[in-house]
Amino acid sequence: MSSVLKNKHYQLVDGALGLSVSVDNTPLSNTANFGNAIGRECFFKQLRHEKHRAQRSGSALSLLLLSQIKTNGEKSAVSINGLLKIVRSKMRETDMVGYFDQHTLGLLLPYTDNIGAKNLSQKIMGSFSCPKLSVIIATYPDDIFDSLANESSLSSDALGLMLENSIQNSQIKLSIKRGFDLIGAVMALLILSPIMLITAVMVKLSSPGPIIFKQIRVGHKGVPFTFYKFRSMRTGASDQIHREFVTKLINGDHSAINNGDKENPLYKIKFDPRVTRIGRFIRKTSIDELPQLFNVLKGDMTLVGPRPPLPYETEKYQAWQLRRILDMKPGITGLWQVEGRGRTEFNDAVRLDIQYTKKWSLLLDIIISCKTIKEVLNCRGAV
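Only a predicted model underlies this, so the values are computations on that prediction, with no experimental measurement involved.

**Student:** Teacher, can you tell me more about the overall build of the chain here?
**Tutor:** What the chain contains, in helices and strands, is 15 helices and 12 strands. Long-range contacts, defined here as pairs at least 24 residues apart, represent 70% of the contacts in the chain between residues at least 6 apart.

This is the structure we're talking about:
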């Protein structure tokens with residue numbers, strides 16, 4: 001964004017309600033622009049505007065909150081105006097700085113992911129000889145960012161408390177989820193072991209090659225792991241067909257990959273020449289997925305969560321789509337599998353995965369697990 005456009009932006013929002021607090025004991029006027037920083041109300045308007053733009057374009061968007069550190073009622077060693085001067089020297093032309101409250105500056109960073117936001121915060125902190133700031137980083141569409149976009153009355157203290165509580169709750173929830181995974185995986189293996197044994201014999205007799213197909217997938221926070229399935233394809237088959245399919249799926253070229261019709265689309269590779277006769281059966285019934293129960297026991301996967309993508313899939317992801325692998329371990333089944341499966345376009349599938357990570361509960365996992373059994377028995381969305 002050029003400086004001319006930025007000045008036009010300030011003129012447009014200039015009539016909005018400005019900040020109603022004082023900065024460095026100097027009252028702020030009701031204008032939106034003060035020392036090349038926009039007022040609180042205008043800052044939150046711009047925050048919501050940038051969020052909607054990121055939703056439409058799929059581009060990355062981050063936010064930095066830089067707060068003065070005060071101890072025992074003492075005044076912070078760095079003034080808010082001094083901080084503003086440093087921030088202005090480090091930010092790009094496309095970034096926007098505004099007042100979050102009288103002790104905190106907010107910095108909007110369009111087209112910037114979490115890593116880029118961390119790099120900028122380190123540059124700003126590097127301007128001080130000792131830590132004098134607290135820094136909070138939020139990247140759309142995480143919970144912190146959404147809370148800020150929806151609740152402009154949050155103070156920096158309240159936000160810090162929210163962060164602390166969310167971390168504590170997260171650890172408790174993750175422990176509960178891990179317990180559910182272990183119990184569920186062991187029970188499933190005990191119940192399904194006869195089916196798995198018969199399948200292993202059928203796969204071995206159907207064509208030369210190993211019974212278990214091993215593949216590198218991208219797991220939680222981008223960490224790769226070895227993924228297990230019953231082998232359904234001929235050994236040594238090329239992955240070019242799937243690479244081309246995935247590229248079209250992620251790019252939204254749905255007409256080229258729809259193997260259903262307009263009312264009932266099916267975004268799956270149909271009549272794949274690489275798949276064996278037994279492979280088609282175990283894929284249609286989802287029996288090929290059962291060895292992933294061992295991935296759950298190892299801790300690489302969870303029973304319910306976003307599906308683990310292949311490395312060449314993630315190379316084509318937009319920044320916001322990476323959220324599906326950052327917030328939670330990948331799962332054997334998930335919200336996408338029971339709500340859409342092969343009938344859902346890629347962006348909608350990613351949104352379902354992100355929605356699941358935000359709304360996770362033990363009850364939700366149980367509901368999805370029960371719905372998965374129904375989907376598998378109906379063989380919907382499977383080929």
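Read on for the rest.
**Student:** Please clarify how the nonpolar core should be interpreted in this entry.
**Tutor:** The tendency in soluble globular proteins is for nonpolar side chains to be buried as a group. In this structure, F230, L293, L303, Y356 and I368 are the most contacted members of the largest nonpolar core, which totals 29 residues. Residue assignment for this core shows that the elements contributing at least two residues are α6 (156-206), β10 (224-230), α10 (292-298), β11 (302-304), α13 (335-339), α14 (346-359) and α15 (362-378). For this core, the element with the most residues is α6, which contributes 7 residues. Setting aside residues up to four positions removed in sequence, L293 forms contacts with A185, A188, L189, L303 and I332. Judged by nonpolar contacts, the second largest core, of 18 residues, contains L83, L84, Y99 and L120.

**Student:** What am I meant to see in the packing of aromatic side chains here?
**Tutor:** In this description, a pair of aromatic rings is defined by centroid distance and the angle of the planes. A full pass over the atoms with the stated rule returns 3 aromatic pairs. Aromatic side chains F43 and F44 sit 5.8 Å apart centroid to centroid with 80 degrees between the ring planes, which places their arrangement in the edge-to-face category. Both residues of the pair, F43 and F44, belong to the buried class. Measuring from centroid to centroid gives 5.5 Å for Y317 and F346, while their planes differ by 45 degrees, and the two rings are tilted.

**Student:** So what exactly am I meant to see when it comes to α15 here?
**Tutor:** In an α-helix, one turn spans 3.6 residues; hence positions three or four apart end up facing the same way. With 17 residues, α15 should cover 24 Å at 1.5 Å per step; its first-to-last C-alpha distance of 25 Å lies within 8% of that length. Positive phi appears at C379, one or two residues downstream of α15, with a value of about 55 degrees.

**Student:** Explain the pairing of strand β6 (residues 96-101) to me, please; I cannot follow it from the model alone.
**Tutor:** Looking along a regular strand, one sees side chains alternate from face to face of the sheet. Burial of β6 is extensive: 6 of the 6 residues sit out of reach of the surface. Where β6 lies against strand β7 (residues 104-110), 5 bridges are found, and the strand directions are antiparallel. Within β7, the position partnered with D101 by the bridge is T104. Where β6 hands over to β7, the hairpin turn is made up of 2 residues, counted between the paired strands.

**Student:** Just checking my understanding: could you explain the side chain of N295 for this structure?
**Tutor:** Considering the arrangement of structural elements, one finds N295 in helix α10. Residue classification places N295 among the buried residues on the basis of a relative accessible area of 0%. A polar contact is formed between the side chain of N295 and the backbone oxygen of T226, at a distance of 2.8 Å. For N295, the residues in contact, after removing those within four places along its chain, are F225, T226, F227, Y228, D300 and M301.

**Student:** Would you mind going over unusual backbone geometry with me for this structure?
**Tutor:** Even without glycine at this site, Y111 takes up a positive phi of about 55 degrees. With respect to the element layout, Y111 can be found in the loop between β7 and α4 (114-125). By relative accessible area, which is 53% here, Y111 ends up exposed. Unlike most non-glycine residues, S286 shows phi in positive territory, near 65 degrees. Mapping S286 onto the fold places it in the loop between α9 (277-284) and α10. On the basis of relative accessibility, which here comes to 13%, the residue S286 falls in the buried class.

**Student:** Would you explain a nonpolar patch on the surface in this entry?
**Tutor:** A grouping of L182, I183, V186, M187, L190, I191, F294 and L297 is seen on the molecular surface, where their side chains present a nonpolar patch of about 760 Å² in accessible area. For the nonpolar patch, the secondary-structure elements that each account for two or more residues are α6 and α10. Among the elements that take part in the nonpolar patch, α6 stands out by supplying 6 residues, more than any other. Note that V186 resides in helix α6.

**Student:** Hey, could you run me through the pattern of salt bridges in this one?
**Tutor:** Where side chains of opposite charge bring their charged atoms close, a pairing between them can arise. In total, this model carries 12 salt bridges according to the counting rule given. One salt bridge in this structure joins D300 and K298, with 3.7 Å as the shortest N-O distance. A residue is classified by how much of its surface remains accessible, and D300, at 22% relative accessible area, is partly exposed. One network of salt bridges, in which partners are shared, links K229, D288, E289 and R307.

**Student:** What exactly am I supposed to notice about the environment of G236 here?
**Tutor:** With respect to the secondary-structure elements, G236 resides in the loop between β10 and α7 (240-251). C-alpha separation for the pair G236 and R274, spaced 38 residues apart in sequence, amounts to 9.3 Å.

**Student:** When you look at the environment of R307 in this model, what are you seeing that I'm missing?
**Tutor:** You can see R307 is positioned in the loop between β11 and α11 (311-314). With relative accessibility at 12%, the residue R307 sits in the buried group. Between the C-alpha atoms of R307 and V218, which are 89 residues apart in sequence, the distance is 9.5 Å. Not counting residues up to four positions away in its chain, the partners in contact with R307 are F227, E289, Q292, M301, R324, P330, G331, I332, W336, Q337 and D353.

**Student:** Quick question: what am I supposed to make of the packing of helix α3 (residues 80-90) against α4 here?
**Tutor:** For any two helices packed against each other, the geometry is given by the interaxial angle and the distance between the axes. It is at 10 Å that the axes of α3 and α4 come closest, and there the two elements cross at 130 degrees. For the element pair α3 / α4, the angle class is oblique. In this structure, α3 crosses over α4, and the sense of that crossing is right-handed. Only L120, K123 and I124 of α4 make contact with α3, whose side of the interface consists of L83, I86, V87 and K90. Grouping the constituent residues of the contact of α3 with α4 by class yields 5 nonpolar, no polar and 2 charged.

Parameters at a glance
Residues numbered from 1 in each chain as written. Predicted model: local features only at pLDDT ≥ 70, side-chain atom pairs only at ≥ 80, totals over all residues. Heavy atoms only, no water. Helix = DSSP H or I, 4+ residues; strand = E, 2+ residues; numbered from the N terminus. Contact = heavy atoms within 4.5 Å. Core = buried A, V, L, I, M, F, W, Y, C linked by side-chain atoms within 4.5 Å. Buried < 20%, exposed > 50% of the residue type's maximum accessible area, 1.4 Å probe, protein only. Phe/Tyr/Trp six-rings, centres within 6.5 Å; stacked < 30°, edge-to-face > 60°. Expected span 1.5 Å × (residues − 1). Pairing = 2+ DSSP bridges. Polar contact = N/O pair within 3.5 Å; in protein donor to acceptor, adjacent residues only side chain to side chain. Patch = residues over 30% accessible without salt bridge, like charges linked within 9 Å, V, L, I, M, F, W, Y side chains within 5 Å. Areas by Shrake-Rupley, 256 points an atom, 1.4 Å probe, with all protein chains shown as cover. Salt bridge = Lys/Arg side-chain N within 4 Å of Asp/Glu carboxyl O. Axes fitted to C-alpha atoms, helices over the stretch in contact; angles between N-to-C directions. Parallel < 35°, antiparallel > 145°, perpendicular 65-115°, else oblique. Left-handed = near helix turned anticlockwise from the far one by under 90°. Nonpolar A, V, L, I, M, F, W, Y, C, P; charged D, E, K, R; others polar.

Interpretation in functional terms is not warranted from these geometric data alone.
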